[in-house]
Amino acid sequence: MLLMMIGKFWRCNSCGAIIKTKIGVGYQKETNYKFECERCHQEITLRFIIKEYTDKLGRTNYKDIWIPDGISKSKSNKFDFCFTSHPDFPTRTSDVYSFPFIDALNNRDETDILQRQLRQVFWHELSMKKAKNLKMIYRNYSLGDFENFKKGIIAFQKGSTEFDSKILSALLPGELPLNNNMDKLSALSRVLDACFFPIVVSKNHFELYHYFESYIADLNQTEYQNYNEFVDFLVNNNYLTDIQNKCFEYIFNFLDLSEDFSPVIFEWDPENPDATFPSDANINNNISFDKIKSFSVDGFELLSKSLVIIIGLINIKHRHNYDSINYDPRERNKKPFKGGLIEFNAIANAPKFKLLSEENKFDKWINPVIDSKLRNDIGHFGYTIDSNKGYITYYTNKEKTKSNTITYGEYLFRCIRLLVRVYQVNILVKMIMYQHLIKNTMDEDATQVSADIKI
Ligand SMILES: [Zn+2]
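Parameters at a glance
Residues numbered from 1 in each chain as written. Predicted model: local features only at pLDDT ≥ 70, side-chain atom pairs only at ≥ 80, totals over all residues. Helix = DSSP H or I, 4+ residues; strand = E, 2+ residues; numbered from the N terminus. Buried ≥ 20, exposed ≤ 12 C-beta atoms within 10 Å, placed from the backbone. Contact = placed C-beta atoms within 7 Å. Pairing = 2+ DSSP bridges. Expected span 1.5 Å × (residues − 1). Arc of directions from axis to C-beta. Axes fitted to C-alpha atoms, helices over the stretch in contact; angles between N-to-C directions. Parallel < 35°, antiparallel > 145°, perpendicular 65-115°, else oblique. Nonpolar A, V, L, I, M, F, W, Y, C, P; charged D, E, K, R; others polar. Bend = angle between axes of the 7 residues up to and from the residue. Core = buried A, V, L, I, M, F, W, Y, C linked by C-beta atoms within 7 Å. Domains from an automatic or database assignment.

Draft legend 1. Up close: the overall build of the protein chain. Scanning the protein chain for helices and strands turns up 16 helices and 12 strands. The principal-axis extent of the C-alpha atoms belonging to the protein chain is close to 95 × 65 × 40 Å. In the protein chain, which comprises 455 residues, the proportion classed as buried is 32%. In the protein chain, 65% of the contacts between residues at least 6 apart in sequence involve partners at least 24 apart.

Draft legend 2. Summary view of the pairing of strand β3 (residues 30-36). The pairing of β3 with strand β4 (residues 43-54) spans 7 bridges and is classified as antiparallel. Bridge pairing links K34 to T45 in β4. Between the end of β3 and the start of β4, which pair antiparallel, lie 6 residues, with H41 showing a positive phi angle near 60 degrees.

Draft legend 3. Highlighting helix α3 (residues 146-158). The terminal C-alpha atoms of α3 lie 18 Å apart, and with 13 residues this matches the ideal 18 Å at 1.5 Å per residue to within 8%. The set of residues buried in α3 consists of F149, G152, I153, F156 and Q157. Projected down its long axis, α3 carries its buried residues within an arc of 130 degrees, all on one side. Along α3, exposed side chains directed more than 90 degrees from the buried face belong to E147, I154 and K158. Looking at the residues trailing α3, positive phi occurs at G159, about 80 degrees.

Draft legend 4. Inspection of the sheet that holds strand β2 (residues 18-25) at higher detail. Spatial strand order, β6-β1-β2-β7: 4 strands in an open sheet with mixed pairing. Two strands lie at the open edges of the sheet, namely β6 (71-73) and β7 (81-85), each paired on one side alone. Put simply, the sheet's adjacent strands are angled 35 degrees from each other on average, direction ignored. Relative to β7, β2 runs parallel, the two being bridged by 5 bridges.

Draft legend 5. Summary view of the packing of helix α2 (residues 110-143) against helix α4 (residues 162-171). Remark: α2 packs on α4, axes separated minimally by 10 Å, with the N-to-C direction vectors making an angle of 95 degrees. Classified by the angle between their axes, α2 and α4 sit roughly perpendicular to one another. Side by side, α2 and α4 meet where F122, E125 and L126 of the first sit next to F163, D164 and I167 of the second. A class-by-class count of the residues in the contact of α2 with α4 yields 4 nonpolar, no polar and 2 charged.

Draft legend 6. Quick look at α2. Between its first and last C-alpha atoms α2 spans 46 Å; for 34 residues at 1.5 Å apiece the expected length is 50 Å, and the two agree. If you look at α2, its biggest bend is around 65 degrees, right at A131. The set of residues buried in α2 consists of Q120, F122, W123, H124, E125, L126, S127, K130, L134, I137, Y138 and Y141. The elements touched by buried residues of α2 are α3, α4, α5 (181-200), α8 (239-256) and α9 (258-265). Following α2 by one or two positions, G144 adopts a phi angle in the positive range, close to 75 degrees.

Draft legend 7. The arrangement of the environment of L419 in detail. Mapped onto the secondary structure, L419 falls in helix α16 (residues 408-454). According to the C-beta neighbour criterion, L419 is buried, with 23 such atoms within 10 Å. It is 9.1 Å that separates the C-alpha atoms of L419 and C247, two residues lying 172 residues apart in sequence. Setting aside residues no more than four positions away along its own chain, L419 makes contact with F254 and G299.

Draft legend 8. A look at the pairing of β4. In this structure, β4 lies alongside strand β5 (residues 60-69), joined through 10 bridges in antiparallel fashion. Residue pairing for β5: Y53 is matched across the bridge by N61. The hairpin turn running from β4 into β5, its antiparallel successor, is 5 residues long, and G58 in that turn takes a positive phi close to 85 degrees.

Draft legend 9. Here's a closer look at the nonpolar core. Counting 86 residues, the largest nonpolar core has I137, V191, I309, I311, L412, I416 and V422 as its most contacted members. Among the elements that make up this core, the one with the highest residue count is α16 (15 residues). Beyond its immediate chain neighbours, meaning those up to four positions away, V422 contacts C247, Y250, I251, G299, L302 and L303. Formed by 11 residues, the second largest nonpolar core is a distinct cluster that contains C12, I19, F48 and F83.

Draft legend 10. Summary view of the domain arrangement of the protein chain. When its domains are assigned, the protein chain resolves into domain 1 (4-87) and domain 2 (110-445). Taking only C-alpha atoms into account, the centre of domain 1 sits 37 Å from that of domain 2.

Draft legend 11. Local environment of the sheet that holds β4. Pairing within the open sheet is antiparallel, and its 3 strands lie in the order β3-β4-β5. The open sheet is flanked by β3 and β5, the only strands paired with a single partner. Taken over all neighbouring pairs, the strand axes of this sheet differ in orientation by 20 degrees on average, direction set aside.

Next comes the structure, spelled out in structure tokens:
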């Protein structure tokens, strides 16, 4: 199924040019393509549907259905130009005879290919197919409907095909305990991890995870009072649940866009998240750039909102007071900041990130993905897209005389980098919540004990 290309010949309705299309059969049942006739520049769209059916002998079979617009079928087998695209791989620009999946495999060693393919299969099996299921689990969690939350988790673990139930029983073995609030929170994040590990998990991710863990544990020990006042502050102002909700929304948004991200997943390597998207590869699928654009803007905003937590932690560590901001990031010469975290939370997004530099690990974690310039330029001065070649050109000045060009694949990569950070912020929030829940339970137990003694 996966490694198949279907070649077809067409005639352009307006100029008569013969066009060959080579369309890859991927994981998706339906794909839409948009391209231009190279001779007359007429826009052509092609819908390609794979229909599954059972034949007379009871075997599963597939039928391909084509719905063209701007072109009609042609019997010719000579062509003026060729359009190549695969929904799960980028197309190399160099050669009309290229096969996207073979090109994607080129120059890689066997283990690397295997890992990438596994990642891609897991991603499709778990995330794309389970988006609805996951959203339901989360919805019931936030509504406090733990009866249905539990049912959702059990259904999720069961899987819907033999293949995904095998993966899931390896990732989430046994019954997940759901006895108390800590269990529920941890079940929720384990289910999410089972879906997102192909995109997120890496050595670096684990290191960061442990760094968060020890950072919080450390503060809770050495700055017990300051730290717990800070957590109360976060809870009382709804920062934790608010940011958690937004993180989940963002992560689910990514699932909704998973078809758009599909052609870059094979190229994405969580171990090398900063590797640029290959410059000779392009994505010419029919992607809605507006949705992707808001995804990247939302990611930036969300990371900025989450600074109230991260900067608070840094303040405690370095100044023993969560409200003590290092300096005013909007002013030169590091003037003192008037006000505390609430005031800090309200200021413009871009300068805030400067304050991360006080803690090297946080700085290196977040700041490389904060491309406020790209975001501003695309937002304010506009952009153009060459969907045939898969480039975005964005203007860097108001007069639109200066511009930068990046590949569409690279823009999608930047979005995945944002997603990974948001995913990790969600983990940090979860850890703080988890510890808060433990503390509350212990306080309750302690009250219980003293009540018992009184009696
Ligand atoms: Zn034409």
